[in-house]
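Structure assessment
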Amino acid sequence: MRAFQFVKAQEPAELREVPVPTPGPGQVLVKIGGAGACHSDLHILEAPPKLGPTPPPFTLGHENAGWVEELGPGTAGLAPGDPVIVYGPWGCGLCMNCRVGKENYCQNRGNIRAGGLGADGGMASYLLVPSARFLIPLGTLDPRDAAPLSDAALTSYHAVKRSLDVLGAGSTAVVIGAGGLGQMAIQGLRALSAAVTIVAVDTTAGKLEIAKRMGADETLLSGDEAVTRIKDMTRGQGAELVLDMVGVNATLQMAAQVARALGHLTIVGLGGGTLPVNFFTLPHECSVAAPYWGSISELMEVVSLAQAGKIHMLVEHFPLERAGEAYRRLHDGEIQGRAVMTPNG
């Protein structure tokens, strides 16, 4: 089968021929419907050799959905043809965090793997999933459209849900960056907290228009005027929740400027910027966190919201042979939502 693989550090990924894997005991072979392209993949491809994940080659694609193709010996609860979405972070399954579904925070970090982020991912005709516990039924959702729910939606949903206690009546949430992650964060805020005023900030008017359609109450072009407007809206206090979906120096600086005392400043984007933290740089008791992905139960909640029509992802489909083009457009900021490879049409 063909697979789009990370082959060499700081070089473009390549389409290569690889064997179709055979599922062993407890494993599941999934026929891929959709595999999302994420900025994390660009970081993998562009990182110096010693800073990357597991040494190449491996198949990219950590946002995956499809249909059960084959069950390994002893695997139960699924049947060939079932539409499923793949939970991304594969932990040890034995530590306390894994036992409660928080495999994204596996305590045996040497054991945690993820398809597309070290292990072979879904940008191929088939994906070998190490355990049936990582598969969530999709019901009537199309795997070709649902794949980004496993990361873009789950990561944003988790970042919102962990801060619901600060989003009471009259609260304000600021989403910096209205790309794929930001769009899902806006919808997650709208689905989980009817009382919050949602402000989207971005550098492009087109993405702000999408943010408005997704549920943002106000949209602002990034800059000093946006900071002033947010302060005016909140009577000088700042926002209870600031989600930085970009994570570069400029956005982190803005996030610190518009956060409030007792608020949450959450860094979701992997831009590599630095946020100085000391007694004087942030409002008092403003918590700073950098969450990673989300839990299995949260992915189930995300799927339920999508099934109910309360969240949806803007998706642009690409055949596998155009994966290189999709990544070039992602790098250049030309993808409005999520680029999704469809290896099986």
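Preceding this section is the structure that the text describes.
A few points on the structure.

Thresholds applied
Residues numbered from 1 in each chain as written. Predicted model: local features only at pLDDT ≥ 70, side-chain atom pairs only at ≥ 80, totals over all residues. Heavy atoms only, no water. Helix = DSSP H or I, 4+ residues; strand = E, 2+ residues; numbered from the N terminus. Contact = heavy atoms within 4.5 Å. Polar contact = N/O pair within 3.5 Å; in protein donor to acceptor, adjacent residues only side chain to side chain. Expected span 1.5 Å × (residues − 1). Buried < 20%, exposed > 50% of the residue type's maximum accessible area, 1.4 Å probe, protein only. Lys, Arg positive; Asp, Glu negative; His and termini not counted. Salt bridge = Lys/Arg side-chain N within 4 Å of Asp/Glu carboxyl O. Axes fitted to C-alpha atoms, helices over the stretch in contact; angles between N-to-C directions. Parallel < 35°, antiparallel > 145°, perpendicular 65-115°, else oblique. Left-handed = near helix turned anticlockwise from the far one by under 90°. Nonpolar A, V, L, I, M, F, W, Y, C, P; charged D, E, K, R; others polar. Arc of directions from axis to C-beta. Pairing = 2+ DSSP bridges.

1. Quick notes on the environment of Glu240
Within the secondary structure, Glu240 is located in strand 14 (residues 239–244). Along the backbone, Glu240 and Cys286 are 46 residues apart, and their C-alpha atoms lie at a distance of 9.0 Å. Apart from the residues within four sequence positions on either side, Glu240 is in contact with Val166, Leu167, Ser171, Thr172, Arg260, Gly263 and His264. Polar side-chain contacts of Glu240 include one of 2.7 Å to the side chain of Arg260.

2. Focus: helix 5 (residues 180–192)
Look at helix 5: 18 Å from first C-alpha to last across 13 residues, which is about the 18 Å you get at 1.5 Å a residue. In terms of residue burial, helix 5 counts as a mostly covered element, since 10 of its 13 residues are buried. Among all positions of helix 5, only Gly180, Leu181, Gly182, Gln183, Met184, Ala185, Ile186, Gln187, Gly188 and Leu189 are buried.

3. A look at the side chain of Glu298
Within the fold, Glu298 resides in helix 9 (residues 296–307). One buried charged residue, Glu298, remains without a salt bridge, the closest side chain of opposite sign being Lys161 at 4.6 Å. Once residues within four sequence positions are removed from consideration, Glu298 is found in contact with Leu154, Tyr157, His158 and Lys161.

4. Looking at the packing of helix 4 (residues 152–161) against helix 5
At their nearest, the axes of helix 4 and helix 5 sit 8 Å apart, and the two run at 45 degrees to each other. The orientation of helix 4 with respect to helix 5, classified from their angle, is oblique. You can see that helix 4 and helix 5 cross each other, and the crossing is right-handed. Residues Ala152, Ala153, Thr155, Ser156, Tyr157, Val160 and Lys161 of helix 4 touch helix 5, and the partners they reach there are Leu181, Met184, Ala185, Gly188, Leu189 and Leu192. Taken together, the residues of the contact of helix 4 with helix 5 sort by class into nine nonpolar, three polar and one charged.

5. Observations regarding helix 6 (residues 205–214)
Inspection of helix 6 places Lys207, Leu208, Ile210, Ala211 and Met214 among the buried residues, and these make up the whole buried set. The buried residues of helix 6 occupy an angular sector of 160 degrees when projected down its axis, which confines them to one face. Opposite the buried face of helix 6, at more than 90 degrees from it, the exposed residues are Glu209 and Arg213. Elements that come into contact with the buried residues of helix 6 comprise helix 5, strand 12 (197–202) and strand 13 (218–221). Two residues or fewer after helix 6 comes Gly215, characterised by a positive phi angle close to 125 degrees.

6. Some points on unusual backbone geometry
Trans is the prevailing form of peptide bonds, just as negative phi is the prevailing case for residues other than glycine. For Gln10, which is not glycine, the phi dihedral falls at a positive 60 degrees. Within the secondary structure, Gln10 is located in the loop between strand 1 (2–6) and strand 2 (14–17). Here the phi dihedral of Arg235 falls at roughly 55 degrees; this positive angle occurs in a residue that is not glycine. Note that Arg235 resides in the loop between helix 7 (224–233) and strand 14. Take Arg235: its relative accessible area is 70%, and that puts it in the exposed class.

7. Side note on the sheet that holds strand 12
Pairing in this open sheet of six strands is parallel, and the strands run 13-12-11-14-15-16 from one edge to the other. Pairing within the sheet leaves two strands with one partner each, and these edge strands are strand 13 and strand 16 (287–289). For this sheet, the mean inter-axis angle between neighbouring strands, taken without regard to orientation, is 15 degrees. Pairing between strand 14 and strand 15 (residues 259–267): five bridges, direction parallel. Within strand 15, the residue paired with Leu243 across the bridge is Thr266. Packed on one face of the sheet, helix 7 meets strand 11 (172–176), strand 12 and strand 13 and runs near 150 degrees to strand 13.

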